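# Secondary and tertiary structure notes
Here are the chains, one letter per residue:
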Amino acid sequence: MSTLRVSNDEQALTPRRAYSSRPLSTTQVVRWIISCVIILALVLFILGPLVILFLWAFADAWFYPALLPHTWTFSWWQQILLNGDIGHSILLSFIFAPVVTLVSAAICLPAAYAFARFKFPGQRAFMVSLFATNAFPKMGLYIVMAGLLYTFGLMDTFWGVVLVQLLNTVVVMTWIPSAAFAAVPRELEDAARDAGAGLWTTFWRVTLPLARSGIMVALILSFLASLDEAQGTFLVGSPDYITMPTQMYTLVTSYPQQAAAVFSIVLSIPSFVLLLLVRKYILGGTLAAGFRLR
Amino acid sequence: MRKSNVIAMLVALIPIVFIAIFVGIPILMAIAFSLGYTGGPNTTVALLDQNLQVTQSGPIFSVYSHLISDLSFQKDFWSTIWVTALSVVLVLLIGWGLALYMRFTRGWLVNIVSSLYIVPLFIPVVIASYALVTFWNTNGFMSALIENVLHLHFAGIGYTSFGVVVGQVWTNIPFAVLMLASGLQAVPDPLIEAARDTGASQLTILRRIIVPLNTLPTMIVGTFTGIGVLGSFTVPDLMGPTAPTMLGVSMSRYYQSFNEPQLSTAVAVIVFLLAAGLGALYVWANIRSNRKAGATQ
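## With respect to the overall build of chain A
Across its full length, chain A carries 17 helices and two strands. In terms of overall size, chain A is more extended than a compact globule, its C-alpha atoms giving a radius of gyration of 25 Å where 294 residues would be expected to give roughly 19 Å. On the principal axes, the C-alpha backbone points of chain A span a range of 75 × 70 × 35 Å. Looking at chain A as a whole, 41% of its 294 residues qualify as buried. Excluding contacts between residues fewer than 6 apart, the proportion of contacts in chain A whose partners are at least 24 apart in sequence is 76%.

Right, here's the structure in full:
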């Protein structure tokens with residue numbers, strides 16, 4: 001536990017002065033070096049693979065044990081971006097993701113509010129039962145679901161794919177907003193009601209804005225769950241509905257490394273941008289709150 | 001029950017009913033199918049099977065006995081167990097380390113750590129697995145780095161079960177650290193200072209105050225990571241060895257490559273039983289912690 005250090009309030013308020021006014025002791029220097037080494041290892045472990053993949057997207061020739069490509073090229077970008085199939089799969093992904101997110105919100109958000117604000121028998125059991133989607137392995141689920149989808153005539157259809165992708169969003173779309181609604185102080189709602197606001201106005205002007213961060217996080221996580229889903233989409237949607245991640249499997253197995261690297265960057269951009277938008281809420285504990293049962 | 005509560009219950013039931021129809025019923029169908037009930041909604045899937053076991057009356061266990069006596073299934077099973085166990089342990093260790101570091105240290109290094117650990121959440125799993133296997137492969141960047149800096153030969157861990165563990169740790173770190181960090185944030189500073197004033201060492205504070213107050217987040221991280229790893233497909237498929245593989249991959253092979261959906265669903269049921277055990281642990285930990293919180297109020 002070399003990194004565990006409990007600082008008092010004074011140090012917390014004025015860290016810079018506290019450090020510079022005293023000469024550093026040997027143990028402090030050792031600690032600092034140890035934490036630097038650990039952080040460097042962490043940087044290598046987490047960012048290393050991503051940086052290397054990024055470099056591959058511009059590599060022409062790159063042989064072991066060189067640490068950088070020998071020659072560089074942009075030609076893989078042309079090959080990927082001008083490929084009709086791939087363009088189609090990008091478009092398709094961006095049609096599915098908003099549809100899945102909206103349907104999921106319509107099904108789950110009212111329920112999330114009900115779970116947070118009302119008391120009814122079997123409440124916790126219902127909340128936990130949503131968990132079944134996480135506990136049963138997806139592959140097994142999709143295989144027998146295929147039987148159901150054939151019966152309903154949903155195989156290889158738009159709504160069949162939406163359905164499969166929805167399954168991955170229900171838990172986050174219910175649990176996280178429910179925790180956010182529950183965290184809105186009841187006194188604020190009561191005060192609004194006392195001041196003459198109706199039920200609807202109270203919800204719209206008080207509850208919803210206060211629960212906004214939780215709802216935003218849930219919406220974006222659902223959007224990304226849809227954007228990243230490959231297995232179910234492949235089983236239900238092929239051959240007509242090939243989305244980006246499904247396409248990625250083909251690229252990984254049957255194209256040169258550079259093609260997959262370029263496509264990886266294209267596929268990561270939406271995730272990256274969207275998660276940056278809600279980063280501060282996620283770091284602030286909104287996601288964590290959703291996974292504690294009440 | 002008041003009228004508004006009845007309405008609330010009905011609204012709350014919408015996602016529940018959705019899950020019941022599209023997950024609950026398929027789970028029951030899968031269990032029935034693996035026990036030899038091949039009629040009804042399972043008829044279509046049964047048509048694909050090369051080696052269908054059909055019951056005459058009552059459930060039959062021949063699918064399971066076939067699996068259990070199959071050497072390749074046994075290897076896959078134990079590989080799945082140890083990959084899951086090792087991944088959970090490593091995720092908890094790294095998660096606790098990073099969460100403690102961020103809770104009790106200040107300065108620019110902490111800012112780096114807190115923007116770093118969240119990165120894997122931003123990357124789709126398919127891409128993460130691909131990036132990781134490229135990085136850790138024989139002749140990958142890690143081998144090259146070790147060759148250049150230390151002049152040692154490193155064969156890489158791509159396409160090995162340990163590579164799968166590395167992939168699982170990479171993808172599960174953000175959730176673990178988020179949960180544990182938010183748990184540690186809830187430990188009040190005055191409590192820790194009071195303990196220090198009475199002469200408690202850092203180790204004692206950790207063991208007697210911080211750890212006991214964070215059993216729930218730890219349990220949540222452990223069970224969720226375990227469940228995720230048990231049923232995972234993408235990471236072991238892209239990073240793992242051909243054999244033994246994790247059960248998520250073998251169930252897809254039984255279905256897509258060997259045309260034996262019945263074996264595939266039986267594997268799924270086995271994984272489900274393991275995951276349900278972890279799920280029960282998760283619910284129990286939550287209930288116990290709620291009861292404790294209720295008792296102190």
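Following the structure, the description resumes.
## A short note on the environment of A:Ser226
Residues and elements named next belong to chain A. Note on placement: Ser226 falls in helix α13 (residues 212–228). On the basis of neighbour count, Ser226 is assigned to the buried category, with 28 C-beta atoms found within 10 Å. Between the C-alpha atoms of Ser226 and Phe203, which are 23 residues apart in sequence, the distance is 29 Å. Among all residues touching Ser226, those that are not within four sequence positions of it are Phe96, Ala97, Val100, Thr101, Gln165 and Thr169.

## Examining the domain arrangement of chain B
All names here are of chain B. Under the domain assignment used here, chain B contains domain 1 (1–69) and domain 2 (70–296). Distance between the C-alpha centres of domain 1 and domain 2: 30 Å. Facing 16 residues of domain 1, the contacting portion of domain 2 comprises 12 residues. Only α1 (3–34) and α3 (62–69) provide two or more residues apiece to the side of domain 1 that touches domain 2. No other element matches the five residues that α3 contributes to the side of domain 1 that touches domain 2. Of the residues that constitute the side of domain 1 that touches domain 2, the class distribution is nine nonpolar, six polar and one charged.

## Considerations on the packing of helix α3 (residues 26–56) of chain A against helix α16 (residues 257–283) of chain A
Residue and element names in this part refer to chain A. Where α3 meets α16, the closest approach of the two axes is 8 Å, and the angle between their N-to-C directions is 115°. In terms of crossing hand, the pair formed by α3 and α16 is left-handed. Along its contact with α3, which presents Leu53, Phe54 and Trp56, the element α16 presents Gln257, Gln258, Ala261, Ser264 and Ile265. The class makeup of the residues in the contact of α3 with α16 is five nonpolar, three polar and no charged.

## So, the domain arrangement of chain A
Residue and element names in this part refer to chain A. Domain annotation of chain A identifies domain 1 (9–77) and domain 2 (83–290). A C-alpha centroid distance of 33 Å is found between domain 1 and domain 2. Taken residue by residue, the interface counts seven residues in domain 1 and seven residues in domain 2. Of all the secondary-structure elements, those providing two or more residues to the side of domain 1 that touches domain 2 are α3 and α4 (75–81).

## What to know about α13(A)
Helix length check: α13(A) (17 residues) gives 24 Å between terminal C-alpha atoms against 24 Å at 1.5 Å per residue, within 8%. With 14 of its 17 residues buried, α13(A) lies for the most part within the structure.

## Some remarks on unusual backbone geometry
Of note, the amide linkage connecting A:Tyr64 to A:Pro65 takes the cis form, showing an omega dihedral of -5°. Mapped onto the secondary structure, A:Pro65 falls in the loop between β1 (59–61) and β2 (71–72). Here A:Ser238 and A:Pro239 are connected by a cis peptide whose omega angle stands at 5°. Position of A:Pro239 among the secondary structure elements: in the loop between α14 (231–237) and α15 (244–254). Notably, B:Asn139 is not glycine yet its phi reads approximately 65°, a positive angle.

## Looking at the packing of helix α5 (residues 84–117) of chain A against α13(A)
Residue and element names in this part refer to chain A. Running from amino to carboxyl end, α5 crosses α13 at an angle of 135°, the nearest separation of the two axes being 8 Å. Taken as axis vectors, α5 and α13 run oblique relative to one another. You can see that α5 and α13 cross each other, and the crossing is right-handed. Together, Ser93, Phe96, Ala97, Val100, Thr101, Ser104, Ala105 and Leu109 of α5 and Ile215, Leu219, Ser222, Phe223, Ser226 and Leu227 of α13 make up the contact between the two elements. Looking at the contact of α5 with α13 residue by residue, the classes come out as nine nonpolar, five polar and no charged.

## Points about the environment of A:Ile38
Along the chain, A:Ile38 turns up in helix α3. Separated by 178 residues in sequence, A:Ile38 and A:Met216 have C-alpha atoms that sit 34 Å apart.

Conventions and cut-offs
- Residues numbered from 1 in each chain as written.
- Chains lettered and ligands numbered in written order.
- Predicted model: local features only at pLDDT ≥ 70, side-chain atom pairs only at ≥ 80, totals over all residues.
- Helix = DSSP H or I, 4+ residues; strand = E, 2+ residues; numbered from the N terminus.
- Rg over C-alpha atoms; globule rule 2.2 N^0.38 Å.
- Buried ≥ 20, exposed ≤ 12 C-beta atoms within 10 Å, placed from the backbone.
- Contact = placed C-beta atoms within 7 Å.
- Domains from an automatic or database assignment.
- Nonpolar A, V, L, I, M, F, W, Y, C, P; charged D, E, K, R; others polar.
- Axes fitted to C-alpha atoms, helices over the stretch in contact; angles between N-to-C directions.
- Left-handed = near helix turned anticlockwise from the far one by under 90°.
- Expected span 1.5 Å × (residues − 1).
- Parallel < 35°, antiparallel > 145°, perpendicular 65-115°, else oblique.

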